[in-house]
Amino acid sequence: MKKCKLVIILISFFLLSFSNVKAQMIATNPKNEFRAVWIATVVNIDWPKSSTDNVNKQKADFIEILDNYKKLNYNAVIVQIRSVGDAFYPTELAPWSRFLTGKEGQAPKPYFDTLAWMINETHARGFEFHAWLNPYRATMDLNTAILSPKHDFYQHPDWMIKYGGKYYYNPALPEVQDHLLKVVNEVVKNYDIDAIHFDDYFYPYKVKGDYFNDTAAFVKYGNNLSLEDWRRSNVNNFVKNVSISIKNIKPWVQFGISPFGVWRNKSMDPKGSETEAGQTNYDDLFADPIAWMQNKWIDYLVPQLYWSMDHPKASYSKLLRWWSENSTNTAIYIGNGTYKINTDSDKRWNNPNEIPNQIDITRSYKNIQGNAFFSAKSFLNRNQTVTQLLLENQYKYPALPNVVPNSIRKVVDVPTVNTIVKNAVSSSFNVKSPLNSKIRYVMVYGSNATTKIDINDPSQIIEKIPFQEKSNAVEVIIPTCKLDKNSSCAITFIDFYGNESEPTLVNFTL
């Protein structure tokens, strides 16, 4: 009897220990987490590597970025499709980008819809595609001779303000806001994107000795506000209208913004952060992320915390806590400056653990759900010590992006399969098209022969397969090596909002 009790106690202890280890593993490697990388196209920062590369090389280079970050278990790309009044897609609202074809206004040769192609390749690898637009910057310099006659600089010169060696759209003009809203709407309507994304460029960063001359517009539209409040209201109005318009067209498409990392310094506002930033969102860029969150105009924020953990003037750790404590109604992801690894005057970036440590501390705040990294070339055959640390620890397993904020709902359909085939090389089956749900992916889970399948365990994610709309079924093929000696797997549906259905067990024992 005593032996029996002892055995029971030992089994209970083993099960409890296993349960604790598994819970710790899932907490360390969450199943749902935003893991994104920015792909900057302006001045060919990340892609294309050169504007004079031929189309085949450009395609190969983009696929290399996707495949590289898929191996690193990322799940989203934020791709710049408009940087200076141009476009990486066919449109009458802007000329083709010179960063794509070498000459502004010139289409790719041989012709292809670059944006549609990028989205298809991105979804094929299970990534979200966030279409990154810079709305207000019109040029990168004053060399207007290189601009297409179709550029807004020539089409609407009255919209432009010369400042700091560039031209900017005047955010105060109703016709500018209407035009930029048309740009957003066209992309949302015509392309299967997952999000519209703006970066930190609203009113431009201040340049010493220059003045952003919007005096005429202020006199006309100022409405008795101070200049600063008026400028903030112009940005707020645009953000609000973009938000409403996106949701009216495709409610599952997210609207995200990645503001500069400091809202306000505490020296200017008791609600501000313990920082000494030379410029801030609220006071210099006239952007107010707090208002955007409070009014539910955005789905997510990615504040750019491009500093080291203990930076004396803008500490990543302190700012992380500030954003966590001041977030409302909105998903918060953190922007990390991987471009600084081994290249910055702050020697903390020479420590390969800087980014892994930043991810660890980010995960310690429950209301912050992931990270985005600037930029793609940072981990493309570079900084391999850091990428290896991430792959062995923080990003050991895949993760799914989060559900679109405020869109958690039950997926009515569960997968139904037929035509199960098993051989020595692979197992395959067809998943029927659902009747009631708009599905983007089929998820496949599998475990080793001695472990029960658990769809909440990220280590059991085998594959994420895009479900083509209007198809009757999708074929799932699983290499036998991924199933170990198990004779079954589990599959689920992921809808366009990121919600996951109940699982269906697929048994390959015939």
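Parameters and conventions
- Residues numbered from 1 in each chain as written.
- Predicted model: local features only at pLDDT ≥ 70, side-chain atom pairs only at ≥ 80, totals over all residues.
- Heavy atoms only, no water.
- pLDDT = per-residue confidence, 0-100.
- Contact = heavy atoms within 4.5 Å.
- Helix = DSSP H or I, 4+ residues; strand = E, 2+ residues; numbered from the N terminus.
- Buried < 20%, exposed > 50% of the residue type's maximum accessible area, 1.4 Å probe, protein only.
- Disulfide = S-S within 2.5 Å.
- Polar contact = N/O pair within 3.5 Å; in protein donor to acceptor, adjacent residues only side chain to side chain.
- 1 Å grid on protein atoms, 1.4 Å probe; cavity = no way out; pocket = protein on both sides within 12 Å on 5 of 7 lines; lining within 4 Å.
- Points joined across faces, edges and corners; volume = space filled by probe spheres on them.
- Nonpolar A, V, L, I, M, F, W, Y, C, P; charged D, E, K, R; others polar.
- Core = buried A, V, L, I, M, F, W, Y, C linked by side-chain atoms within 4.5 Å.
- Phe/Tyr/Trp six-rings, centres within 6.5 Å; stacked < 30°, edge-to-face > 60°.
- Lys NZ or Arg CZ within 6 Å of the ring centre and 35° of its normal.

Moving on to the confidence of the model for the chain. Averaged over every residue, the pLDDT of the chain is 94; the share at 70 or more is 95%. Segment residues 14-24: pLDDT under 50, and two contacts once partners within four positions in sequence are set aside and those in other chains are kept.

What follows concerns unusual backbone geometry. Residue P48 is bonded to the preceding W47 through a cis peptide linkage, with omega at -15°. Turning to its location among the elements, P48 is positioned in the loop between β1 (34-39) and α2 (55-71). Of note, the bond from F374 into S375 is cis; its omega dihedral lies within 30 degrees of zero at 0°. Secondary-structure assignment places S375 in the loop between β10 (368-373) and α13 (384-392). A positive phi is found at N44, a non-glycine position, where the angle reads about 55°. Mapping N44 onto the fold places it in the loop between β1 and α2. The exposure class assigned to N44 is buried, which follows from its relative accessible area of 17%.

Take the state of the cysteines next. Covalent bonding between the sulfur atoms of two cysteines is what defines a disulfide. Tallied over the entire structure, the rule returns zero disulfides. The thiol of C481 is unpaired, and the distance to the nearest cysteine sulfur, on C489, comes to 14 Å. Look at C481 and you get exposed, because its relative accessible area is 70%. Judged by relative accessible area, C489 falls into the buried class, the value being 0%.

Bringing the environment of R321 into the picture now. As for its placement among the helices and strands, R321 is situated in helix α11 (residues 316-325). Under the relative-accessibility criterion, R321 is labelled partly exposed at 48%. Separated by 43 residues in sequence, R321 and S364 place their C-alpha atoms 9.9 Å apart. At a separation of 2.9 Å, a polar atom in the side chain of R321 contacts the side chain of E325.

Time to look at the side chain of T338. Note on placement: T338 falls in the loop between β9 (331-336) and α12 (354-363). Relative accessible area serves as the criterion here: at 2%, T338 is assigned to the buried category. Among the polar contacts made by the side chain of T338, one reaches the side chain of S378 at a distance of 3.4 Å.

What follows covers empty space enclosed by the protein. Left-over empty space is what a probe sized like a water molecule reveals as it rolls over the atoms. One pass over the structure, following the stated rule, counts one cavity of 30 Å³ or more. At the level of elements, β13 (439-445) and β16 (488-495) are the ones that each hand at least two residues to the lining of the largest cavity. Residue classes in the lining of the largest cavity are distributed as eight nonpolar, three polar and five charged.

This paragraph deals with the nonpolar core. Counting residues in each nonpolar core, the largest one holds 110 residues, and the members touching the most others are Y74, I81, F129, I193, I196, F198 and W292. Non-local contacts of F129, meaning those with residues more than four positions away in its chain, are made with V77, V79, I81, L115, M118, I119, T122, H123, I193, D194 and A195. Counting 18 residues, the second largest nonpolar core, distinct from the first, contains F467, V474, C489 and V506.

Now for α12. Counting buried positions along α12 yields seven of ten residues, so the element is predominantly enclosed. Residues of α12 that are buried include every one of E354, I355, P356, Q358, I359, T362 and R363, and no others.

The residue S433 is located in the loop between β12 (426-432) and β13 in this model. Separated by 17 residues in sequence, S433 and T416 have C-alpha atoms that sit 8.2 Å apart. Residues in contact with S433, not counting those within four places in the same chain, are F467, S471, N472 and A473. A polar side-chain atom of S433 sits 3.4 Å from the main-chain carbonyl oxygen of S471.

Let us look at the side chain of Q460. Relative to the elements of secondary structure, Q460 occurs in the loop between β13 and β14 (461-466). In this structure Q460 comes out as buried when scored by relative accessible area, which is 3%. Each residue touching Q460, except ones within four places of it in the same chain, is listed here: V444, Y445, G446, S447, T451, K452, I453 and D454.

Our next topic: the packing of aromatic side chains. Tallied over the entire structure, the rule returns 40 aromatic pairs. An angle of 55° between the planes, with centres 5.8 Å apart, marks the rings of F62 and W117 as tilted. Residue F62 is located in helix α2, and its partner W117 is located in helix α4 (residues 114-124); the two are separated by 55 residues in the primary sequence. Taken individually, F62 and W117 each receive the classification buried, so the pair is uniform in this respect. Three or more aromatic residues link up through ring pairs in this structure, and these residues are Y136, F198, F202, F238, F255 and W292. If you follow K59 out to its NZ or CZ, it ends over the ring of F112, 4.6 Å from the centre. Looking at R232, its charged tip hangs above the ring of Y282, at a distance of 3.8 Å from the centre.

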